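Here's the letter readout for the chains.
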Amino acid sequence: MSFSVIAILISLYILILIILTKQLHTINRLLICNTCLASILYCLVQFILYIYLLILKWITDDQSCRWRAYFSYMSLVAFVYSYVIQIISRFFFINLYTKYRWLISYKVHIYLILFGWIVILILPLPSLLTNDIHFRADEICWVPPDKLIHSNYTIVAYYIIPIILIILFSIVIMIRIYNYKNTTTIQRNKKRRERDSEIFRNIMISFSVYFLGGIPYMINQFTNIEFFYSVGVVSVTFVVNMEKLIIIYLDRDIRNIVKNYFYQRHTRVTPVTFNPTFTVR
């Protein structure tokens, strides 16, 4: 539960910082805000799930469990697919910018985010439309591993498909970046490509941290080993904390703003005393 609370606070801090700082009002930061919202939703849902698991033990009906499972998977999908949206945006900026400049507008990215949330709301619907999920004492409301079709669906739809999409887009983007490094000679274009490469690198590093956190859950779905179930319960929430700290560290502008804020708070102003007998001629 502590990981969830910390992740919510860090995500809120990044969200408020971007909203209140005009120089951070860019499309890349708009997508970071979307990821932060998804992180807050995921951690809030996990916090509620822990309350049901540890405190509200008398609520044992299956329909309530299915709704908790739906929101749990929906918030997880929201976080994962927010990175798919980020990588698609980098594809627009790096691969399609010269031919289709309208693709890098705020309007297109808002539509992209809205479409992403429609997909996010639809994908976990099997949790509500099937009877596979039922209440199990002292366990979180997830799909049991013995429900093979539904269990494999969660792995494919929530993990494998977004990972494949990110890998494919990444390969295309890296090829484009490599070609530009060999052909671009204008200094302005070089700077732009370097900035795009840096943003792309930051996205991949952040997502890699999350991917490592989801491995115990996937192993549990294939092996049904209790140890990986226990680790998977907390691993994703833990890596959400790490991912947010990495965002602050990798984003140069956000890092400098945070650094300057804490530097100013710890900087003492030493009063200057003048000699009253000193005269200037």
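As the structure is a computational prediction, the values presented were derived from the model and not from experiment. (Residues numbered from 1 in each chain as written. Predicted model: local features only at pLDDT ≥ 70, side-chain atom pairs only at ≥ 80, totals over all residues. Heavy atoms only, no water.)

1. Notes on the environment of Trp-117
Here is the rule we go by: Numbered from the N terminus, helices here are DSSP runs of H or I no shorter than four residues, and strands are runs of E no shorter than two. For every residue, the accessible area obtained with a 1.4 Å probe (protein chains only) is divided by the maximum for its type, and the residue is called buried under 20%, exposed over 50%, and partly exposed between those limits. Throughout, a residue-residue contact means that at least one pair of heavy atoms, one from each residue, lies within 4.5 Å.
With respect to the helices and strands, Trp-117 occurs in helix H4 (residues 106-122). Residue Trp-117 is classed as partly exposed on the basis of its relative accessible area, which comes to 23%. Sequence-wise, Trp-117 and Val-77 are 40 residues apart; in three dimensions their C-alpha atoms are separated by 9.4 Å. Filtering out sequence-adjacent residues up to four positions away, Trp-117 remains in contact with Asn-34, Leu-41 and Ala-78.

2. Topic: helix H3 (residues 62-95)
To be explicit about the condition: Helix span, as expected, comes to 1.5 Å for every residue beyond the first.
In this model H3 runs 48 Å from its N-terminal to its C-terminal C-alpha over 34 residues, within 8% of the 50 Å that 1.5 Å per residue would give. For H3, the buried fraction is high: 30 of the 34 residues fall into the buried class.

3. Description of the state of the cysteines
Test applied: Disulfides are defined as pairs of cysteine sulfur atoms found within 2.5 Å of each other.
Tallied over the entire structure, the rule returns one disulfide. Linked covalently through their sulfurs, Cys-65 and Cys-141 form a disulfide whose S-S length is 2.0 Å. Looking down the S-S bond of the Cys-65 and Cys-141 bridge, the torsion is -120°, so its handedness is left-handed. Here the residue Cys-65 occupies a position in helix H3, and Cys-141 occupies one in the loop between helix H5 (126-129) and helix H6 (148-183), the gap between them amounting to 76 residues. Cys-65 sits in the buried class, given a relative accessible area of 0%.

4. A closer look at the packing of aromatic side chains
Heads up, the rule is: Note on aromatic contacts: the rings of Phe and Tyr and the six-membered ring of Trp form a pair at centre separations within 6.5 Å, being stacked when their planes are under 30 degrees apart, edge-to-face when over 60 apart, and tilted otherwise.
In total, this model carries eight aromatic pairs according to the counting rule given. For the pair Trp-67 and Tyr-70, a centre-to-centre distance of 6.1 Å together with 80° between the ring planes defines the contact as edge-to-face. A residue pair is termed a helical-turn pair when its members lie 3 or 4 positions apart in one helix, as Trp-67 and Tyr-70 do in helix H3 at three residues. A residue is classified by how much of its surface remains accessible, and Tyr-70, at 8% relative accessible area, is buried. With centroids separated by 5.9 Å and ring planes inclined at 75°, the aromatic side chains of Tyr-153 and Tyr-158 adopt a geometry described as edge-to-face. The exposure class of Tyr-158 is buried, given its relative accessible area of 0%.

5. Comments concerning the layout of surface pockets
We apply this condition: Points on a 1 Å grid, built from protein atoms alone, make a cavity when a 1.4 Å probe fits but cannot get out and make a pocket when they are open with protein on both sides within 12 Å along at least 5 of 7 lines; residues with an atom within 4 Å of a point are the lining residues. Grid points are joined across faces, edges and corners, and a volume is the space filled by probe spheres set on the points. Classification used: nonpolar for Ala, Val, Leu, Ile, Met, Phe, Trp, Tyr, Cys and Pro, charged for Asp, Glu, Lys and Arg, polar for all others including Gly.
There is about 180 Å³ of room inside the second largest pocket. Lining the second largest pocket are Tyr-81, Val-84, Ile-85, Ile-88, Leu-112, Phe-115, Gly-116, Val-119, Leu-123, Ile-161 and Leu-165. Contributing elements (two or more residues each) for the lining of the second largest pocket: H3, H4 and H6. A per-class count over the lining of the second largest pocket returns 10 nonpolar, one polar and no charged.

6. Here's the deal with a nonpolar patch on the surface
Which entries qualify depends on this criterion: Every patch collects residues that have over 30% relative accessible area and no salt bridge, joining them within 9 Å if they carry like charges and within 5 Å if they are nonpolar side chains (Val, Leu, Ile, Met, Phe, Trp, Tyr). Surface exposure here means Shrake-Rupley accessible area, sampled with a 1.4 Å probe, where a residue is shielded only by the protein chains that are shown. Throughout this description, the term salt bridge denotes a Lys or Arg side-chain nitrogen within 4 Å of a carboxyl oxygen of Asp or Glu.
On the surface, a cluster of nonpolar side chains totalling about 570 Å² of accessible area is made up of Val-5, Leu-9, Leu-12, Ile-16, Ile-19 and Leu-20. Structurally, the position occupied by Leu-12 is in helix H1 (residues 2-20). Given a relative accessible area of 34%, Leu-12 falls into the partly exposed group.

7. Focus on the side chain of His-150
On the secondary structure map, His-150 appears in helix H6. His-150 sits in the buried class, given a relative accessible area of 4%. When near neighbours in sequence (up to four residues on either side) are disregarded, His-150 contacts Pro-126, Ser-127, Thr-130, Asp-132, Ile-133 and Val-143.

8. Looking at the nonpolar core
Worth spelling out the cut-off: Residues grouped as a nonpolar core are buried Ala, Val, Leu, Ile, Met, Phe, Trp, Tyr and Cys residues, joined through side-chain atoms within 4.5 Å.
If you look at the biggest cluster of nonpolar residues, it comprises 70 residues, and the most contacted ones within it are Ile-14 and Phe-92. Elements represented by at least two residues in this core include exactly H1, helix H2 (27-54), H3, H4, H6, helix H7 (187-223), helix H8 (226-250) and helix H9 (252-266). With residues near it in sequence (within four places) discarded, Phe-92 still touches Tyr-97, Leu-103, Ile-104, Val-108, His-109 and Leu-112.

9. Some thoughts on the pattern of salt bridges
Pairing between side chains of opposite charge can happen when the charged atoms of each approach one another. Enumeration according to the criterion identifies one salt bridge in this entry. For Asp-253, the salt bridge is made with Arg-29, and the minimal N-O distance between the two is 2.9 Å. Separated by 224 residues along the polypeptide, Asp-253 in helix H9 and Arg-29 in helix H2 bring together distant segments of the chain.

10. Re the packing of H3 against H4
Heads up, the rule is: Axis lines are fitted through C-alpha atoms, for helices just across the contact stretch, and the angle between N-to-C directions can take any value from 0 to 180 degrees. Roughly parallel refers to an angle under 35 degrees, roughly antiparallel to one over 145, roughly perpendicular to one between 65 and 115, and oblique to any angle outside these ranges. For any helix crossing, the convention is left-handed if the near helix is rotated counterclockwise from the far helix by under a right angle, and right-handed if that rotation is clockwise.
Taken N-terminus to C-terminus, the directions of H3 and H4 make an angle of 150°; their axes are 9 Å apart at the nearest point. For the element pair H3 / H4, the angle class is roughly antiparallel. Along this stretch, H3 crosses H4, giving a crossing that reads as right-handed. Contacts between H3 and H4 involve Tyr-70, Met-74, Val-77, Ala-78, Tyr-81, Ile-85, Ile-88, Ser-89, Phe-92 and Phe-93 on the former and, on the latter, Val-108, His-109, Leu-112, Ile-113, Gly-116, Trp-117, Ile-120 and Leu-121. Among the residues forming the contact of H3 with H4, the class breakdown is 15 nonpolar, three polar and no charged.

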